[in-house]
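Here is how the chains run, residue by residue.
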Amino acid sequence: MEIVSRMKRTVGSKPKNEARQKLGFYLVSQIFTQLINFQQLVRSMGEFIGHGKMFRSDILLDAVGLALESMIQSLMYDRYDFEAQRTRIQDELENLNIFAQEIKIKSLYPRTIKLDLVVNSPPKDLTILSLEALLESVLNEPLRVVVESRKSRQTRIKVYSSNLFKLNHSVSYVGKDGSKISGDSYLCENFANGQTLLAISDGMGNGEIAHKESSEALKIIKCLLSFNVAPKKAIQTLQELKQNSNADERFFSLDLCMIDRERSRATFYKKGATPTFLVRNDQIEMINLSQLPVGVINDQPIDHFTVSLEENDVLVMCSDGIFEQYPDMADLQRLILEHAGQSPKLMTKSILQATVNKHRGKIKDDMLVLAVEYLRTEVVQHKIA
């Protein structure tokens, strides 16, 4: 009996050591990723300010400090400490009178969480949703909880990262007079916390200068958000850099959409940007916020608007080069609905081509249209015994 027990301990130690080794490699990779993001942030802020321009060093240092603080907090988070998280989960369960005989942690990596729980005589009023909410508060990520089986007084439960939804997106654009260089820039970035950033920035004027300003602005926003800086704080930081760090009287629009894929919601932030169109069940809704462009007024409050998403929803974002070609907004809405059943790639190409054709191929301004489709990755039945 003692030999068997010793063999079990020996066999069990190898996977544990391998898991810790993989964890070590993962954490090192995260450190390098964060350092690369930090390097990109500093470089983009330098390009955004411009060579030889007057700027307030305290604004620049505040932005750097904000990123460093978030990076340190992220690296110090004990989420990946298996023992600490096992103890915390057990304590949180006991607060709800749920007593776990076994908590087996297979993975704590973002978007790939896997847990097995064996619970003794769970309370009769315990629901999947309440258990999901508890574990999500511990692991800081949307989860999927499945009751695998019930035998005698034991209930076996499996917990996974949710990963039930995905986004398909596409963008089509053209510069003024058919130029390959456009003052309109766009960005689509997935973050480890399950959120996706969709963004458009329209620089003042056209050509290389407008493109550089709008693209560097989006890089700064992306880097700050990668450090888990709140979107409003990231936009405010960009406004302060623009207002206090550049002598040129230029401005640009900023159109941000943060999509929480697993919680099925989209939050919009708009600074001098055109409306976003939400297409659902052959109906269209216009989402608009009246905010001045970045660079006009520094202390204007940053508004936001959040909508719930449903499966197969389509969001369409565009620059003012598209928007201004439709004096009657109903014409643009009809065009979007006409192509709503197509893939995002075909949809954006069709909308752009139709807009160019309105003036017999004459392109009076930079034009950009971005479409994203919200889809379910799989159909999962939550089994409740």
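See the structure above.
The structure displayed is predicted, hence computed values, not measured ones.

Draft legend 1. Spatial organisation of the overall build of the chain. Across its full length, the chain carries nine helices and 14 strands. A burial count over the chain gives 47% of its 385 residues as buried. Excluding contacts between residues fewer than 6 apart, the proportion of contacts in the chain whose partners are at least 24 apart in sequence is 68%. As presented, the chain carries roughly 20000 Å² of accessible surface, and 52% of it is formed by carbon and sulfur atoms.

Draft legend 2. Structural context of the nonpolar core. Counting 32 residues, the largest nonpolar core has Leu41, Leu197, Ile220, Ile221, Leu238, Leu254 and Leu256 as the members making the most contacts within it. Counting only elements with at least two residues in this core, the list comes to helix H1 (2–49), helix H2 (57–76), strand E7 (195–203), helix H5 (207–226), helix H6 (231–245) and strand E8 (252–260). By residue number, the principal contributor to this core is H5, which donates seven residues. When sequence neighbours within four positions are dropped, the list of residues in contact with Ile221 reads Leu197, Ala234, Ile235, Leu238, Leu254 and Leu256. Formed by 23 residues, the second largest nonpolar core is a distinct cluster that contains Leu93, Ile103, Leu108 and Val138.

Draft legend 3. Spotlight on helix H9 (residues 344–357). Relative to the 20 Å expected for 14 residues at 1.5 Å per residue, H9 spans 20 Å between its end C-alpha atoms, a close match to the ideal helical length. Here H9 has its buried residues at Pro344, Met347, Thr348, Ser350, Ile351, Leu352, Thr355 and Val356. Looking at the buried side of H9, the elements it contacts are strand E5 (165–174), strand E13 (314–318), helix H7 (320–323), helix H8 (329–338) and strand E14 (367–376).

Draft legend 4. Spotlight on a nonpolar patch on the surface. Together, Met204, Phe251, Leu292, Val296 and Ile297 give the surface a local cluster of nonpolar side chains, amounting to about 370 Å² of exposed area. Considering the arrangement of structural elements, one finds Val296 in the loop between strand E11 (283–287) and strand E12 (305–308). On the basis of relative accessible area, Val296 is assigned to the partly exposed category, the value being 38%.

Draft legend 5. Structural detail: the packing of aromatic side chains. A complete count under the given rule lists two aromatic pairs for this structure. The interplanar angle of 45° and the centroid separation of 6.2 Å between the aromatic rings of Tyr173 and Tyr186 together place this pair among those described as tilted. Of this pair, Tyr173 sits in strand E5 while Tyr186 sits in strand E6 (residues 184–190), and the two are 13 residues apart along the sequence. Using a relative accessible area of 42% as the deciding quantity, one classes Tyr173 as partly exposed. The exposure class of Tyr186 is partly exposed, given its relative accessible area of 35%. Looking at Lys358, its charged tip hangs above the ring of Tyr326, at a distance of 4.8 Å from the centre.

Draft legend 6. Summary view of unusual backbone geometry. A positive phi angle, close to 60°, is found at Asn97, a residue other than glycine. Here Asn97 is to be found in the loop between helix H3 (82–95) and strand E1 (99–107). With a phi angle near 50°, Asn163 is a residue other than glycine that sits in the positive phi range. Positionally, Asn163 belongs in the loop between strand E4 (154–161) and E5.

Draft legend 7. Expanded view of the sheet that holds strand E3 (residues 143–151). Pairing is antiparallel across the open sheet formed by four strands, whose spatial order is E1-E2-E4-E3. Edge positions in the sheet fall to E1 and E3, since each of these pairs with one other strand and no more. When strand polarity is set aside, the average angle formed by the axes of neighbouring strands in this sheet is 15°. Relative to E4, E3 runs antiparallel, the two sharing eight bridges. Along E4, the bridge assignment pairs Leu143 with Ser161. In the packing of H3 onto the sheet, the strands contacted are E1 and strand E2 (114–120), and the crossing angle to E1 comes to about 145°.

Draft legend 8. Broad picture of the sheet that holds E14. The antiparallel open sheet is built from five strands, whose spatial order is E5-E14-E13-E10-E11. Because the sheet does not close on itself, it has two edges, and the strands there are E5 and E11. Within the sheet, the average angular offset between the axes of one strand and its neighbour, ignoring direction, is 20°. As paired elements, strand E10 (residues 276–280) and E13 share three bridges and run antiparallel to each other. When the bridges of E13 are listed, Val279 appears paired with Val314. Sheet strands in contact with H9 are E5, E13 and E14, and its direction is about 25° off that of E5.

Draft legend 9. A look at helix H4 (residues 128–139). Given a rise of 1.5 Å per residue, twelve residues ought to cover 16 Å, and the 16 Å separating the end C-alpha atoms of H4 matches this to within 8%. Residues of H4 that are buried include every one of Ile128, Leu131, Glu132, Leu134, Leu135, Glu136, Val138 and Leu139, and no others. Downstream of H4 by a residue or two, Asn140 has a phi angle that is positive, lying close to 60°.

The rules behind these values
- Residues numbered from 1 in each chain as written.
- Predicted model: local features only at pLDDT ≥ 70, side-chain atom pairs only at ≥ 80, totals over all residues.
- Heavy atoms only, no water.
- Helix = DSSP H or I, 4+ residues; strand = E, 2+ residues; numbered from the N terminus.
- Buried < 20%, exposed > 50% of the residue type's maximum accessible area, 1.4 Å probe, protein only.
- Contact = heavy atoms within 4.5 Å.
- Areas by Shrake-Rupley, 256 points an atom, 1.4 Å probe, with all protein chains shown as cover.
- Core = buried A, V, L, I, M, F, W, Y, C linked by side-chain atoms within 4.5 Å.
- Expected span 1.5 Å × (residues − 1).
- Patch = residues over 30% accessible without salt bridge, like charges linked within 9 Å, V, L, I, M, F, W, Y side chains within 5 Å.
- Salt bridge = Lys/Arg side-chain N within 4 Å of Asp/Glu carboxyl O.
- Phe/Tyr/Trp six-rings, centres within 6.5 Å; stacked < 30°, edge-to-face > 60°.
- Lys NZ or Arg CZ within 6 Å of the ring centre and 35° of its normal.
- Pairing = 2+ DSSP bridges.
- Axes fitted to C-alpha atoms, helices over the stretch in contact; angles between N-to-C directions.

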